[in-house]
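Structural overview for review
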Amino acid sequence: MRFDSSTVSRFWLPALVVLGQACAAPQSSHVAPVSAATTTIVVVRHAEKSTDDPRDPSLTEAGRQRALALSSVLKDAGVTAIYTTQYKRNRQTAEPFAQQSGISITERPITAANTATYAQDLAREILTNSLGKSVLVVGHSNTVPDIVKALGGIAVPPITDPEYDHIFIVTIPGSGSPRLMQLRFGQPAP
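Let me begin by describing the structure that accompanies this report. (Residues numbered from 1 in each chain as written. Predicted model: local features only at pLDDT ≥ 70, side-chain atom pairs only at ≥ 80, totals over all residues. Heavy atoms only, no water.)

Observations regarding the overall build of the chain
Threshold: Secondary structure elements are defined from DSSP: runs of H or I of at least 4 residues count as helices, runs of E of at least 2 residues count as strands, and each element is numbered from the N terminus. For every residue, the accessible area obtained with a 1.4 Å probe (protein chains only) is divided by the maximum for its type, and the residue is called buried under 20%, exposed over 50%, and partly exposed between those limits. Contacts are assigned to residue pairs that have any heavy atoms within 4.5 Å of one another. Accessible areas in this description were obtained via Shrake-Rupley with a 1.4 Å probe; residue shielding takes into account the shown protein chains only.
Of the regular secondary structure elements, the chain holds five helices and six strands. Within the span of the chain, comprising 190 residues, buried residues form 51% of the whole. A separation threshold of at least 6 residues defines the contact pool for the chain, and within that pool the share at least 24 residues apart is 69%. About 8,800 Å² of surface is accessible on the chain, with carbon and sulfur atoms providing 53% of the total.

What follows is the structure, given as structure tokens:
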């Protein structure tokens with residue numbers, strides 16, 4: 001299902017978060033919170049990348065538009081922290097929302113040395129530093145499924161190269177099972 005940005009940000013996103021809290025997800029291993037507070041994490045892949053730099057590309061115009069759409073969708077979501085990797089495309093995806101909300105971007109680099117533990121380490125950091133709050137994470141096609149699983153213990157299918165429009169909302173209650181909602185935002189991926 002696809003929603004326009006204003007409808008999602010004003011009504012559907014908060015309603016979907018509440019609905020997600022009411023829906024039970026299968027239990028799996030994940031990093032468990034240590035408080036009764038509910039934590040909500042929005043996980044997206046960076047927006048469309050250009051070919052301007054093979055090692056660290058910027059966003060395309062479509063990617064910049066998707067970043068603006070993300071900012072609009074999250075406008076009223078109560079996000080208090082933003083995490084990205086060190087790559088331009090990730091920061092550029094988060095920047096419109098960061099500027100709109102006045103939140104600093106926290107950069108968590110992914111390297112060859114931490115690739116195996118990156119998702120678990122990030123989940124642990126979020127559940128330690130942002131317990132009971134809402135967080136945005138901008139990852140990559142190969143890290144988003146691992147991050148969602150580390151946070152909620154819920155497996156999601158791999159993200160293919162042309163897919164940039166997924167938005168995963170992981171809700172982790174202080175007690176009970178984590179829940180996951182998967183939506184799409186911005187222009188449809190081809």
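Considering the side chain of Ser130
For Ser130, the location among the structural elements is in the loop between helix H4 (118-129) and strand S4 (134-139). Residues within four places of Ser130 in sequence aside, it is in contact with Thr39, Ala81, Tyr83, Glu125 and Val135.

Observations regarding the nonpolar core
Most often, soluble globular proteins have nonpolar side chains that are buried together. Applicable threshold: Among buried residues, those of type Ala, Val, Leu, Ile, Met, Phe, Trp, Tyr and Cys that are joined through side-chain atoms within 4.5 Å constitute a nonpolar core.
Counting residues in hydrophobic clusters, the biggest one holds 23 residues, and the most contacted among them are Ile41, Val43, Val137, Ile147 and Leu151. Those elements giving two or more residues to this core turn out to be strand S1 (39-45), strand S2 (79-84), H4, S4, helix H5 (144-152) and strand S5 (166-172). In this structure, Val137 is in contact with Ile41, Val42, Val43, Val44, Tyr83, Leu122, Ile126 and Ile147, ignoring residues within four places of it in sequence. By size, the runner-up hydrophobic cluster in this structure holds 20 residues, among which are Val42, Val44, Leu74 and Met181.

Describing the side chain of Ser50
Which entries qualify depends on this criterion: The definition of a polar contact used here is a pair of N or O atoms within 3.5 Å, where within protein one atom must be able to donate a hydrogen and the other to accept one, and adjacent residues in sequence count solely through side-chain atom pairs.
Take Ser50: it is sitting in the loop between S1 and helix H2 (61-74). A polar side-chain atom of Ser50 sits 2.7 Å from a polar atom in the side chain of Asp52. Those residues in contact with Ser50, other than ones at most four positions away along the chain, are Pro57, Ser58, Leu59 and Thr60.

A closer look at the packing of H4 against H5
Quick note on the threshold: Interaxial angle, 0 to 180 degrees, is taken between N-to-C directions of lines fitted to C-alpha atoms, where a helix line uses only the stretch in contact. Note on terminology: angles under 35 degrees are roughly parallel, angles over 145 are roughly antiparallel, angles of 65 to 115 are roughly perpendicular, and the others are oblique. Each crossing gets its handedness from the near helix: less than a right angle anticlockwise from the far helix is left-handed, clockwise is right-handed. Amino acids are sorted into nonpolar (Ala, Val, Leu, Ile, Met, Phe, Trp, Tyr, Cys and Pro), charged (Asp, Glu, Lys and Arg) and polar (every other residue, Gly among them).
Viewed as axis vectors pointing N to C, H4 and H5 meet at an angle of 45°, and their least axial separation amounts to 8 Å. It follows that H4 is oblique to H5 by the angle criterion. Judged by the twist between their axes, the crossing of H4 over H5 is right-handed. Packed against H4, whose contacting residues are Tyr118, Ala119, Gln120, Leu122 and Ala123, the element H5 presents Asp146, Ile147, Ala150 and Leu151 at the interface. The residue inventory of the contact of H4 with H5, partitioned by class, reads seven nonpolar, one polar and one charged.

Quick look at the environment of Thr160
You can see Thr160 is positioned in the loop between H5 and S5. Placed 19 residues apart in sequence, Thr160 and Ser141 show a C-alpha to C-alpha distance of 6.8 Å.

Quick notes on the pairing of S4
As a reminder of what qualifies: One requirement defines pairing of two strands: DSSP has to find at least two bridges between them.
With six of its six residues buried, S4 lies for the most part within the structure. Every second residue of S4 is oriented toward a common face, with Ser134, Leu136 and Val138 on one face and Val135, Val137 and Gly139 on the other, all of them buried. Across six bridges, the pairing between S1 and S4 is parallel. Pairing of Val44 across the sheet is with Val138, part of S4.

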